[in-house]
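This is what each chain is made of:
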Amino acid sequence: MHIDKHQDVIAACRFCFMCRHLDPIGNVTFQEADTPRGRALILDKVRMDNENLKNNDFIATVYRSALSGANRYHCVSHYDEVGLVLAARKDIVEAGLVPEKVKALAEKLSGATFTVKGKGDVLYYGEHAKLYSGCKTLSGGDPGKALETLGFAGESQKVFDKFKKAVAASRCKTLIVAEPSAYDFLKDKLDGIKVVHCSECLLSAKLKAGRARKAFYLESDFLKNYDGNLASPRQLLAQCGYKLVPFGTNSEESYSVGEGAVVFDELNPELCEKLCRRVCELADNLKNDLFITPSRYVKATLTKYNPQIRIVTLEEAVAQRKDQ
Amino acid sequence: MIPPNSYLYEMIRSELSWVVGDDHVQTGDSDKLGHSIDYYWVPEVWHDRGQKLPPPDFVVYPASAREVSEILKIANTHNIPVVPWGGGSGSQGGALPIYGGIVMDMKRMNKVLNIDPISMTATAETGINTQHLEWAIEKAGYSTMHFPASIACATLGGFIANRGTGVLSTKYGKIEDMVMTLEVVTPAGEIINTLPVPRHASGPDLTQLFLGSEGTLGVVTKATIKIHPIPESRKFHAFLFKTMHDAMGAGAKIMTSRLRPCVIRLYDELETARLIKRVLGIDKQGAYLVFGFDGPAKNVDLELEQACAICREKEHEDLGTEMGQAWWDHRYKFFYPPYMFHLPQAFGTLDTVATFANIEKVYWAMKNTIRENFPQAAFIGHFSHWYEWGCMLYARFIIEEPPKDPREAVALYNKIWDMAIRAAIKEGGVINEHHGVGLKLGRIMKELYGPAFKVLEDIKKVLDPNNIMNPGKMGFRAKGI
Ligand SMILES: Cc1cc2nc3c(=O)[nH]c(=O)nc-3n(C[C@H](O)[C@H](O)[C@H](O)COP(=O)(O)OP(=O)(O)OC[C@H]3O[C@@H](n4cnc5c(N)ncnc54)[C@H](O)[C@@H]3O)c2cc1C
Ligand code: SF4
């Protein structure tokens, strides 16, 4: 089983309470099961007796995880509890035990196709091509990350192969990626292609600062907790004149409403709504404050459940400054 | 335990759902498993060895004192146990549903209700995670000054129930010194408040009755606690002494000269060699002593200097502020895997407290008991929480390879506890200083209290005639007796 490769994590987390305060799901369901300890305990049961994988409640718990990297980032020894859950999802898929709603979502994601348009030496994969002059653009769905997080390794690889083909056809050697989940997925995967996050590219363009403006920056789970706390988004926003104020009560919690699980809102909409409600409850002045997120997923989700929130993506924030 | 497929089970489930809503009554295996194991070594080893753990019948998540009250009324009607659960981080088995019934998980009650900057107090629901509470209070510009190693795991209610303590207790007190007033739902379901201030001459102190009652006398639903300004300065200093005895003399003198350190911590020679080396990288022989002061910068410098002068009276190695600060910076690291002791090791924290006149005797009594009777066990200890009159001993026994058979392992474990705690009590120690009694040490309560235990038993009987609240814990009656 895939979880067997994560025995060190099971052994460490199953009786450890030290990061439970950071589990986004545990913080809204309050269930012991929805913490690294809770999940490690059930997967320990599965390790002891593989028949336990058939337990529907265990499966539901595994698919409730938001796969936030905040816990791993906090952990003194950085035990990869997310890796354990992903392994369990693969085991569930391979055992043919995957819940219907997950299967349907996976089928939809498997249909992704990718097209390249425009002219240029650099390929841009995102929604704001206007910000990058002289770039080709690549569009389509998720490049395979979402399927990977659902446990569909084979299907993820097939989608990624289609993506890779499109990149190769573009003949570009640099790929700019906007969505943090895609950046995380692609950054070490494309041989011979330099993959950069859009913030790194825009930062090097040395944009002029606009009028100083206060904004709350909602860290991306991927950029902060998966990708070494990338500094370029904050530097870029500062360069553009935004005075960034940390959101919430602390710098450790993930406020990215399930971003780590990529399609979390489609999978667990009730939970996602709770995550969004928590973010809004923590806001000082929801209607008047400006929020910036690097993730389109985060923007779309927060707006869906709180239409009055004023939130823009990182690229939109930069575009607004450029327009001034 | 109620058979899950019975109509009685469904009846109780329906009644609970009417109070808290369907979503907040959990009966699934995942959550039941999480609530069958707390931080007590026995359920851990039981799980590890594939044994079946007693699960709760229902895990219920109330959102208000009124809901708590309704749940307790249902439990009284059906005569089923209710076990409050905070973060499950207790080490004494206090939150385990040993007779099934309802686990009342308090974490939904997590709001900070008020911060009073005039009186410097804060009121919160007791299911709040203490790190979340501290963050919220810090955002308002203050601090609870409650920094236990389990700050991120436990709830305010759990600390109240266990008389818990934090790293800075020497100045800011244990939780029982921090609490102003409590809201409690009694076992009968009545919602009561204790007096609004902790100092008065209006009869005995009800607040203190519920502090440390471990869910046996009711459910604490709201608490007002003191809060503090963020100190201008906080500094640490560390010394190494040849022997623990010398270090103890220095620590005691700091306290009896009435300096006000926020923390003193003294590690015996073995723990210095094992843990201080492993976690802080300080590889020295002797007893490591660290202390800190906080407050206005001038006062801190002055008091720190006086404390250092006391330490320099004995043969010592001055490790300076840096190695003191290193301890503070890594104070929680001791508790993360792999630094914390873990299975297959058997380990237990034999914490107790005594006067300065007795504390070393207690230490040696415990150590000798372990050494003479359990040669397979190592004994280490540090002294963590200091008072004007004495200090707390945080001793640990560790067995690298306990018996494979879970029954034998647990029997050995229980025997060590019995003998070590009894040895401590003989020399003026008590069962526990800040982790509570729980399931683990209930059997020794009568011995500790003598005839006075009947007073506690009578209070329990009057408040909880059906014995629904956390039966079998803290030395009180088991369910059905
Ligand atoms: C890594 C680690 C480090 C620790 N360090 C410390 C430390 O520094 N200081 C310290 O004091 N302890 C420490 N502990 C022990 C533990 O955190 C404390 O005992 C804490 O008080 C338990 O709180 P909890 O919310 O987890 O309670 P639980 O374990 O859930 O419950 C403990 C007891 O309280 C009762 N209870 C819980 N909530 C309520 C309520 N609202 N009303 C009535 N009864 C209730 C339960 O029934 C049970 O009897 C540590 C534990 C761990 C895991
Ligand atoms: S990730 Fe680290 S801190 Fe969190 S439960 Fe696992 S071992 Fe403990």
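All values reported here derive from a predicted model rather than from experimental measurement. (Residues numbered from 1 in each chain as written. Chains lettered and ligands numbered in written order. Predicted model: local features only at pLDDT ≥ 70, side-chain atom pairs only at ≥ 80, totals over all residues. Heavy atoms only, no water.)

### Some words on the interface of chain B and chain A
In this complex, chain B contributes 42 residues to the contact, which on the side of chain A involves 38 residues. For the chain B face of the interface with chain A, the top three residues by lost area are B:Ser30, B:Trp135 and B:Tyr336, together amounting to 21%. Our count for the contact surface shared by chain B and chain A stands at 3 salt bridges. Note that B:Lys139 is salt-bridged to A:Asp284, the shortest N-O span being 3.2 Å. Across the contact surface, chain B and chain A share 17 residue pairs in polar contact (both at pLDDT 80 or more). Of all the elements in the fold, those that place two or more residues in the side of chain B that touches chain A are α2 (29-34), α3 (41-48) and α5 (130-139) of chain B. (Contact = heavy atoms within 4.5 Å. Buried area = accessible area lost by both parts, 1.4 Å probe. Salt bridge = Lys/Arg side-chain N within 4 Å of Asp/Glu carboxyl O. Polar contact = N/O pair within 3.5 Å; in protein donor to acceptor, adjacent residues only side chain to side chain. Helix = DSSP H or I, 4+ residues; strand = E, 2+ residues; numbered from the N terminus.)

### Side note on a nonpolar patch on the surface
Where nonpolar side chains cluster on the molecular surface, the patch consists of B:Tyr7, B:Leu8 and B:Met11 and spans about 370 Å² of accessible area. Following the sequence through the fold, B:Met11 ends up in helix α1 (residues 7-20). (Patch = residues over 30% accessible without salt bridge, like charges linked within 9 Å, V, L, I, M, F, W, Y side chains within 5 Å. Areas by Shrake-Rupley, 256 points an atom, 1.4 Å probe, with all protein chains shown as cover.)

### Some points on the nonpolar core
Among the nonpolar cores identified, the biggest contains 214 residues, and A:Leu186, B:Tyr288 and B:Phe291 are the most heavily contacted of them. The biggest single contributor to this core is helix α15 (residues 406-426) of chain B, with 9 residues. Excluding residues within four positions of it along the chain, B:Phe291 makes contact with B:Lys235, B:Phe236, B:His237, B:Phe239, B:Ile254, B:Val263, B:Ile264, B:Leu304, B:Ala307, B:Cys308 and B:Cys311. Of all hydrophobic cores here, the second largest spans 25 residues; its members include B:Tyr9, B:Val25, B:Ile80 and B:Met106. (Core = buried A, V, L, I, M, F, W, Y, C linked by side-chain atoms within 4.5 Å. Buried < 20%, exposed > 50% of the residue type's maximum accessible area, 1.4 Å probe, protein only.)

### Side note on the pattern of salt bridges
One pass over the structure, following the stated rule, counts 48 salt bridges over all chains. For A:Arg39, the salt bridge is made with A:Glu81, and the minimal N-O distance between the two is 2.8 Å. Separated by 42 residues along the polypeptide, A:Arg39 in helix α3 (residues 36-48) and A:Glu81 in helix α6 (residues 81-94) bring together distant segments of the chain. Taking the shortest distance from any N to any O, the salt bridge between B:Glu183 and B:Lys222 comes out at 3.6 Å. Remark: B:Lys222 occurs in strand β10 (residues 219-226) and B:Glu183 occurs in strand β8 (residues 179-185); sequence separation between them is 39 residues. Using a relative accessible area of 12% as the deciding quantity, one classes B:Glu183 as buried. With a relative accessible area of 29%, B:Lys222 lands in the partly exposed category. Salt bridges linked by common partners bring A:Arg14, A:Asp44, A:Arg47, B:Asp48 and B:Arg49 together as one network.

### Re the domain arrangement of chain A
Residues and elements named next belong to chain A. Under the domain assignment, chain A is made up of domain 1 (2-97), domain 2 (108-202) and domain 3 (206-322). If you average the C-alpha positions of domain 1 and of domain 2, the two centres end up 29 Å apart. Of the residues lining the interface, 6 residues belong to domain 1; the matching set on domain 2 comes to 6 residues. Summing both sides of the interface, domain 1 and domain 2 together bury roughly 460 Å²; the carbon and sulfur share of this comes to 69%. Of all residues in domain 1, Leu86, Lys90 and Val93 bury the most surface against domain 2, accounting for 63% of the area lost on that side. Taken together, domain 1 and domain 2 are joined by 0 salt bridges. In this assembly, domain 1 and domain 2 are joined by 2 residue pairs in polar contact (both at pLDDT 80 or more). It is α6 that provides the largest number of residues to the side of domain 1 that touches domain 2, a total of 4 residues. Here the side of domain 1 that touches domain 2 is built from residues that sort into 4 nonpolar, no polar and 2 charged. (Domains from an automatic or database assignment. Nonpolar A, V, L, I, M, F, W, Y, C, P; charged D, E, K, R; others polar.)

### What about helix α15 (residues 269-282) of chain A?
Helix length check: α15(A) (14 residues) gives 20 Å between terminal C-alpha atoms against 20 Å at 1.5 Å per residue, within 8%. Of all the residues in α15(A), the buried ones are A:Leu271, A:Cys272, A:Leu275, A:Cys276, A:Arg278, A:Val279 and A:Cys280. For α15(A), the secondary structure elements touched by its buried residues are α2 (26-29), α4 (56-64), α14 (264-267) and α16 (296-305) of chain A together with α5 of chain B. (Expected span 1.5 Å × (residues − 1).)

### Describing unusual backbone geometry
With an omega of 5°, the peptide bond running from B:Pro337 to B:Pro338 counts as cis. In this structure, the amide linkage connecting B:Leu343 to the following residue, B:Pro344, adopts the cis form with an omega of 10°. Looking at the secondary structure, you find B:Pro344 in the loop between α13 (320-329) and β16 (346-355). Of note in this structure, A:Lys206 is not a glycine but carries a positive phi near 50°. By the secondary structure assignment, A:Lys206 is in the loop between α11 (198-204) and β6 (213-217). What makes A:Lys206 exposed here is its relative accessible area of 64%.

### Looking at the pairing of strand β4 (residues 102-105) of chain B
Residues and elements named next belong to chain B. Residues of β4 alternate between two faces, with Ile102 and Met104 on one and Val103 and Asp105 on the opposite face, all of them buried. Both strand β3 (residues 82-85) and β4 contribute to a ladder of 4 bridges, which runs parallel. Of the residues in β4, the one forming a bridge with proline 84 is methionine 104. (Pairing = 2+ DSSP bridges.)

### Here we look at the site of ligand 1
The immediate surroundings of ligand 1 are formed by 34 residues, with B:Pro84, B:Gly86, B:Ser89, B:Ser150 and B:Thr155 found nearest. Ligand 1 is flanked by residues contributed from chains A and B. Between ligand 1 and B:Gly86, the relevant distance is 2.7 Å, taken from an oxygen atom to a main-chain nitrogen or oxygen of the residue. Interatomic distance of 2.9 Å between a side-chain N/O atom of B:Asn162 and an oxygen atom of ligand 1. Relative to its unbound accessible area of 970 Å², ligand 1 is 97% covered by the protein chains. Only β3, α6 (156-162) and β10 of chain B provide two or more residues apiece to the shell around ligand 1. With 5 residues, the single largest contributor to the shell around ligand 1 is α6(B). Of the residues that constitute the shell around ligand 1, the class distribution is 14 nonpolar, 19 polar and 1 charged. When residues are assigned to domains, the shell around ligand 1 turns out to be shared by domain 1 (7-107) and domain 2 (112-229) of chain B, each giving three or more. (Near = heavy atom within 4 Å.)

### Examining the packing of helix α10 (residues 244-256) of chain B against helix α14 (residues 356-373) of chain B
All names here are of chain B. Where α10 meets α14, the axes come as close as 11 Å, and the angle between the chain directions of the two elements is 150°. Between α10 and α14, the angle falls in the class roughly antiparallel. Taken as a pair, α10 and α14 cross one another with a handedness that is right-handed. Across the interface between the two elements, Met244, His245, Met248, Ala252, Met255 and Thr256 of α10 pack against Phe356, Ile359, Glu360, Tyr363 and Trp364 of α14. Its residues placed into classes, the contact of α10 with α14 shows 8 nonpolar, 2 polar and 1 charged. (Axes fitted to C-alpha atoms, helices over the stretch in contact; angles between N-to-C directions. Parallel < 35°, antiparallel > 145°, perpendicular 65-115°, else oblique. Left-handed = near helix turned anticlockwise from the far one by under 90°.)

### Some remarks on the side chain of A:Glu315
All names here are of chain A. Summarising the element assignment, glutamate 315 is placed in helix α17 (residues 314-323). Here tyrosine 124 takes part through its side chain, which lies 2.7 Å from a polar atom of the side chain of glutamate 315. Apart from residues no more than four positions distant in its own chain, glutamate 315 is found in contact with Tyr124, His128, Leu131, Tyr132, Ala178, Cys198 and Leu202.

### Topic: the domain arrangement of chain B
All names here are of chain B. Here chain B is described as being made up of domain 1 (7-107), domain 2 (112-229), domain 3 (233-335) and domain 4 (346-440). Once you take the C-alpha centre of each, domain 2 and domain 4 turn out to be 28 Å apart. A combined buried area of about 670 Å² lies between domain 2 and domain 4, and 44% of that area is made up of carbon and sulfur atoms. On the domain 2 side of the contact with domain 4, Thr170, Lys174 and Glu214 bury the most area, a combined 53% of that side's loss. Applying the counting criterion to the domain 2 and domain 4 interface returns 0 salt bridges. At the surface where domain 2 touches domain 4, the tally comes to 7 residue pairs in polar contact (both at pLDDT 80 or more). Residues belonging to the side of domain 2 that touches domain 4 are distributed by class as follows: 1 nonpolar, 6 polar and 3 charged.

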